[in-house]
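Analysis of the macromolecular model
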Amino acid sequence: MKIYYKDREWPPEYRKVLEKMKEIIDPVTGESILDSGVLAGLEVKGDTLKVWLKFESNAEYNILGSAAMAYSKIVGDIMEKFALVMFDKVYVYDLGNNPIGIFENKGNGRK
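All values reported here derive from a predicted model rather than from experimental measurement.

Conventions adopted
- Residues numbered from 1 in each chain as written.
- Predicted model: local features only at pLDDT ≥ 70, side-chain atom pairs only at ≥ 80, totals over all residues.
- Heavy atoms only, no water.
- Helix = DSSP H or I, 4+ residues; strand = E, 2+ residues; numbered from the N terminus.
- Buried < 20%, exposed > 50% of the residue type's maximum accessible area, 1.4 Å probe, protein only.
- Contact = heavy atoms within 4.5 Å.
- Areas by Shrake-Rupley, 256 points an atom, 1.4 Å probe, with all protein chains shown as cover.
- Arc of directions from axis to C-beta.
- Phe/Tyr/Trp six-rings, centres within 6.5 Å; stacked < 30°, edge-to-face > 60°.
- Lys NZ or Arg CZ within 6 Å of the ring centre and 35° of its normal.

The next thing to look at is the overall build of the protein. The helix and strand tally for the protein stands at four helices and five strands. For the protein, the α and β elements follow one another from N to C terminus as β-α-α-β-β-α-α-β-β. The buried share among the 111 residues of the protein stands at 40%. A sequence separation of at least 24 residues applies to 51% of the contacts in the protein between residues at least 6 apart. Carbon together with sulfur atoms contributes 51% to the accessible area of the protein, which is approximately 6,600 Å² in total.

Every buried residue of helix α1 (residues 12-21) is accounted for by Tyr14, Val17, Leu18 and Met21. Along the long axis of α1, the arc covered by the buried residues comes to 100 degrees, so they all point the same way. Among the exposed residues of α1, those oriented more than 90 degrees off its buried face are Pro12 and Lys16.

For leucine 42, the location among the structural elements is in strand β2 (residues 39-45). The sequence separation of leucine 42 and valine 17 amounts to 25 residues, and the corresponding C-alpha distance is 9.3 Å.

Inspection of every chain in the model, using the stated rule, returns five aromatic pairs. Ring centres of tryptophan 10 and tyrosine 14 lie 5.7 Å apart, and the angle between their planes is 25 degrees; this geometry places the pair in the stacked category. Judged by its relative accessible area of 5%, tyrosine 14 falls in the buried class. Summarising the aromatic geometry, the rings of tyrosine 91 and tyrosine 93 are spaced 6.5 Å apart at their centres and angled 25 degrees between planes, so their arrangement reads as stacked. Residue tyrosine 91 shares its accessibility class with tyrosine 93, and that shared class is buried. Here the aromatic residues Tyr4, Trp10 and Tyr14 are joined through ring pairs into a cluster of three or more. It is lysine 2 that lies over the ring of tyrosine 14; its NZ or CZ is 5.6 Å from the centre.

Here you go:
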């Protein structure tokens, strides 16, 4: 995983992903997930994208916390932007490295 910070020099395959990430809005702040600090890190390898978000996803927090819906929207937006469009496998994790979003194309690849 490469830790995300704004001024880092990114390889071309990461820059493409980060350009798309700018379009994903954090509903809590109204900013992109890059500017709001939600994106913790990412990994781009071939047909696989892995994304780590700066939050914890334990059951009690998600039931009681209002941010759970915002995080669900962010995970859904990540899947919409990247699954099958740019990558055959997309994994989203919380800071505890728990998977909170998984997409694996079992078909014949991207269209």
